[in-house]
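Each chain is listed here by its residues.
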Amino acid sequence: MTRVRGGNFKFKAISLGKGSFQWKSMLLNKNSKILSVLYNQANLKLVQKRNLSKGAIIKIDSMPFIKTILTNQKSFIDLLKFQNDKMILLKLLNRGLLIARITSRPGQTGKINGVIMEDHDLKLFFRISRKMKKLIPY
C-alpha cells in the first residue's frame, strides 16, 4: 500500500496467483489461477519477467469454468449450440486452459480482472504470436 497525492492509497500487486475472469458469451464470472504470461503489447521483456499489466495476455486454468458449465444444463446446451463457431475455444478447454486478457490495472488496484478471449480475438492472437515467434528469445 502506497500513499499518493491527495491522501489516497494505491494497492500495488507484487505477485498474484489468482484473478477474477469473465466469460462474456456464457455470462460467467469465476476466480481462476494464473498459469503464465503469453504476450504483452507494452514490451516483450515484461513477458520474460512475467509482469502482469493491463492488456497482457495470460494463460489461466479452466477448471472453475468447466465445473460451472457441467453443473448448469442451460450453459452446457449453449456451449454445444455454438460448437462449430468456437472450435479453438473448445480445444483449449479440453487441454484445461483458457487464454484471457487483463482489463484492470494490477499496479494501481492490487487485483486482477480479465476477460476470456473469444474465437475472433484468439485468431488474431495466434496470428500475432506466429509473427512474433522469431523475436521472442525463449
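Heads up: the structure comes first, above all this text.
Since the structure is predicted, the reported quantities are computational estimates derived from the model, not experimental observations.

### Considerations on the overall build of the protein chain
Here is step 1 of the chain: Scanning the protein chain from N- to C-terminus turns up six helices and seven strands.
Here is step 2 of the chain: Looking at the protein chain as a whole, 34% of its 138 residues are labelled buried.
Here is step 3 of the chain: A separation of at least 24 residues holds for 61% of the contacts in the protein chain among residues at least 6 apart in sequence.
Here is step 4 of the chain: Put simply, the protein chain shows about 9,300 Å² of open surface, and 52% of that area lies on carbon and sulfur atoms.

### Considering the pairing of strand β3 (residues 18-23)
Here is step 1 of the chain: Here β3 shows a buried face lined by Gly19, Phe21 and Trp23 and an unburied face lined by Lys18, Ser20 and Gln22.
Here is step 2 of the chain: In sequence, β3 turns back onto strand β4 (residues 28-39) through a hairpin of four residues, with Leu27 there showing a positive phi of about 55°.
Here is step 3 of the chain: With three bridges connecting them, β3 and strand β7 (residues 113-116) associate as parallel partners. Paired with Gln22 across the two strands is Val115, which belongs to β7.

### Structural notes on unusual backbone geometry
Here is step 1 of the chain: Even without being glycine, Leu27 reaches a positive phi, approximately 55°.
Here is step 2 of the chain: Inspection of the secondary structure assignment puts Leu27 in the loop between β3 and β4.
Here is step 3 of the chain: A positive phi angle is found at Arg50, which is not glycine, with a value near 60°.
Here is step 4 of the chain: Here Arg50 lies in the loop between α1 (45-48) and β5 (57-61).

### Section: the packing of aromatic side chains
Any two aromatic rings considered together are summarised by their centre-to-centre distance and by the angle between their planes.
Here is step 1 of the chain: Evaluation of the coordinates by the stated rule reveals two aromatic pairs.
Here is step 2 of the chain: Taking the centre distance of 6.0 Å and the plane angle of 75° together, the rings of Trp23 and Phe65 count as edge-to-face. Placement of Trp23 in strand β3 and of Phe65 in helix α2 (residues 63-71) is noted, with a sequence separation of 42 residues between them.

### Structural notes on the side chain of Ser36
Here is step 1 of the chain: Turning to its location among the elements, Ser36 is positioned in strand β4.
Here is step 2 of the chain: Judged by relative accessible area, Ser36 falls into the buried class, the value being 17%.
Here is step 3 of the chain: Discounting chain neighbours no more than four positions away, the residues touching Ser36 are Ile58 and Lys59.

### Observations regarding the nonpolar core
Here is step 1 of the chain: Counting residues in hydrophobic clusters, the biggest one holds 29 residues, and the most contacted among them are Phe21, Trp23, Ile58, Ile60 and Phe65.
Here is step 2 of the chain: Counting only elements with at least two residues in this core, the list comes to β3, β4, β5, α2, α4 (87-95), β6 (97-102) and α6 (119-132).
Here is step 3 of the chain: Ranked by residues supplied to this core, first place goes to β6 with five residues.

### What to know about α4
Here is step 1 of the chain: Every buried residue of α4 is accounted for by Leu89, Leu90, Leu92 and Leu93. End-on, the buried residues of α4 take up no more than an arc of 160°, which puts them together on one face. Among the exposed residues of α4, those oriented more than 90 degrees off its buried face are Lys91, Asn94 and Arg95.
Here is step 2 of the chain: Gly96 sits one or two residues past α4 and shows a positive phi near 90°.

### Points about the side chain of Asn40
Here is step 1 of the chain: The residue Asn40 is located in the loop between β4 and α1 in this model.
Here is step 2 of the chain: One polar contact links the side chain of Asn40 to the main-chain amide nitrogen of Ala42, over a distance of 3.2 Å.
Here is step 3 of the chain: Within the structure, the side chain of Asn40 is placed 3.0 Å from the side chain of Ser53, a separation counted as a polar contact.
Here is step 4 of the chain: Not counting residues up to four positions away in its chain, the partners in contact with Asn40 are Leu46, Val47, Asn51, Ser53 and Ala56.

What counts and what doesn't
Residues numbered from 1 in each chain as written. Predicted model: local features only at pLDDT ≥ 70, side-chain atom pairs only at ≥ 80, totals over all residues. Heavy atoms only, no water. Helix = DSSP H or I, 4+ residues; strand = E, 2+ residues; numbered from the N terminus. Buried < 20%, exposed > 50% of the residue type's maximum accessible area, 1.4 Å probe, protein only. Contact = heavy atoms within 4.5 Å. Areas by Shrake-Rupley, 256 points an atom, 1.4 Å probe, with all protein chains shown as cover. Pairing = 2+ DSSP bridges. Phe/Tyr/Trp six-rings, centres within 6.5 Å; stacked < 30°, edge-to-face > 60°. Core = buried A, V, L, I, M, F, W, Y, C linked by side-chain atoms within 4.5 Å. Arc of directions from axis to C-beta. Polar contact = N/O pair within 3.5 Å; in protein donor to acceptor, adjacent residues only side chain to side chain.

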